[in-house]
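In case you want the letters, here they are:
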Amino acid sequence: QVQLVESGGGLVQAAGSLRLSCAASGRTFSSYSMGWFRQAPGKAHEFVAAITQSGASTFYANSVKGRFTISRDSAKNTVYLQMNSLKPEDSAVYYCAAGPVATITSTSRDWGQGTQVTVSS
């Protein structure tokens, strides 16, 4: 099973940018599709973006399409989320996840520590 550690969160002004990283341990990183999720205070976990094992296909929630970009570097066992044009409503704890492409957008999973993103207006 792959272990995941998120980083790169912080405080940014609206319209600013951040890049989140998710480092994966283990040799099976390239076997998994990867996803990013977020949870705002008082709300349920929400799918944000996903990328397939090869990186050939990506998927985005409508709320972030055109502003966020997911990518992966298999040599570094890392998946990234580049977030541009940030809005206050993007404020949340962001989590990454690994799994088969058929279920990568599912929010029914165990969560790690995540990384906090706060966007000020």
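Basis of the calculations
- Position labels on residues start from 1 in each chain and follow its written sequence.
- Where local features are concerned, this predicted model is filtered to residues with pLDDT of at least 70; where side-chain atom pairs are given and counted, the filter is 80 or more; whole-chain, interface and lining totals use all residues.
- Side-chain metrics rest on all non-hydrogen atoms present in the structure, leaving aside hydrogens and water.
- Helix and strand assignments come from DSSP, with helices taken as H or I runs of at least 4 residues and strands as E runs of at least 2, each series counted from the N terminus.
- For the radius of gyration, the atom set is restricted to C-alpha positions; the globular benchmark scales as 2.2 Å times the number of residues to the power 0.38.
- Exposed residues in this analysis have more than 50% of their type's maximum accessible area, buried residues have under 20%, and partly exposed residues fall in between, with area computed by a 1.4 Å probe over protein chains only.
- Note on contacts: a residue pair qualifies if any of its non-hydrogen atoms lie within 4.5 Å across the two residues.
- Note that accessible areas follow from Shrake-Rupley with a 1.4 Å probe, and for residues the cover is restricted to the protein chains shown.
- The charged-residue count follows a simple rule in which Lys and Arg add positive charge and Asp and Glu add negative charge, with His and chain termini not counted at all.
- All charge positions are set by atom: Lys at NZ, Arg at CZ, Asp at CG, Glu at CD.
- Note on aromatic contacts: the rings of Phe and Tyr and the six-membered ring of Trp form a pair at centre separations within 6.5 Å, being stacked when their planes are under 30 degrees apart, edge-to-face when over 60 apart, and tilted otherwise.
- Take the buried residues of types Ala, Val, Leu, Ile, Met, Phe, Trp, Tyr and Cys, join any two whose side-chain atoms come within 4.5 Å, and each joined set is a nonpolar core.

Asker: I would appreciate a short explanation of the overall build of the chain in the present structure.
Answerer: A tally of regular secondary structure across the chain gives 0 helices and 10 strands. Counting helices and strands in the order they occur from the N terminus, the chain gives β-β-β-β-β-β-β-β-β-β. For a compact globule of 121 residues, the expected C-alpha radius of gyration is about 14 Å, and the chain comes in at 13 Å, within 12% of that figure. If one aligns the C-alpha atoms of the chain with their principal axes, the spans along those axes are about 40 × 25 × 25 Å. Considering the chain as a whole, with its 121 residues, one finds that 42% of them fall into the buried category. Look at the contacts in the chain between residues 6 or more apart in sequence, and 56% of them connect residues 24 or more apart. In the form shown here, the chain has an accessible surface area of approximately 6300 Å², with 47% of it arising from carbon and sulfur atoms. Taken as two groups, the 10 positive and 6 negative side-chain charges of the chain have centres that lie 5 Å from each other.

Asker: Even after reading the chapter, I still don't get the packing of aromatic side chains, so can you show me in this structure?
Answerer: Where two aromatic rings form a pair, the distance of their centres and the angle of their planes describe that pair. In the structure shown here, the tally under the stated rule is 3 aromatic pairs. Ring centres 5.8 Å apart and planes at 70° place the aromatic pair F37 and F47 in the edge-to-face group. Note that F37 is positioned in strand β4 (residues 33–39) and F47 in strand β5 (residues 46–51), a separation of 10 residues in sequence. Judged by its relative accessible area of 0%, F37 is buried. A residue is classified by how much of its surface remains accessible, and F47, at 15% relative accessible area, is buried.

Asker: Explain the nonpolar core here, please?
Answerer: It is characteristic of soluble globular proteins that their nonpolar side chains tend to be buried jointly. By size, the foremost hydrophobic cluster in this structure holds 32 residues, and its most contacted members are W36, V48, F68, L81, M83 and Y94. Those elements that provide at least two residues to this core are β3 (18–25), β4, β5, β7 (68–73), β8 (78–83), β9 (92–99) and β10 (115–120). Those residues within four positions of L81 in sequence are excluded, and the remaining contacts are L18, R19, L20, W36, V48, A49, F68, T69, I70 and Y94.

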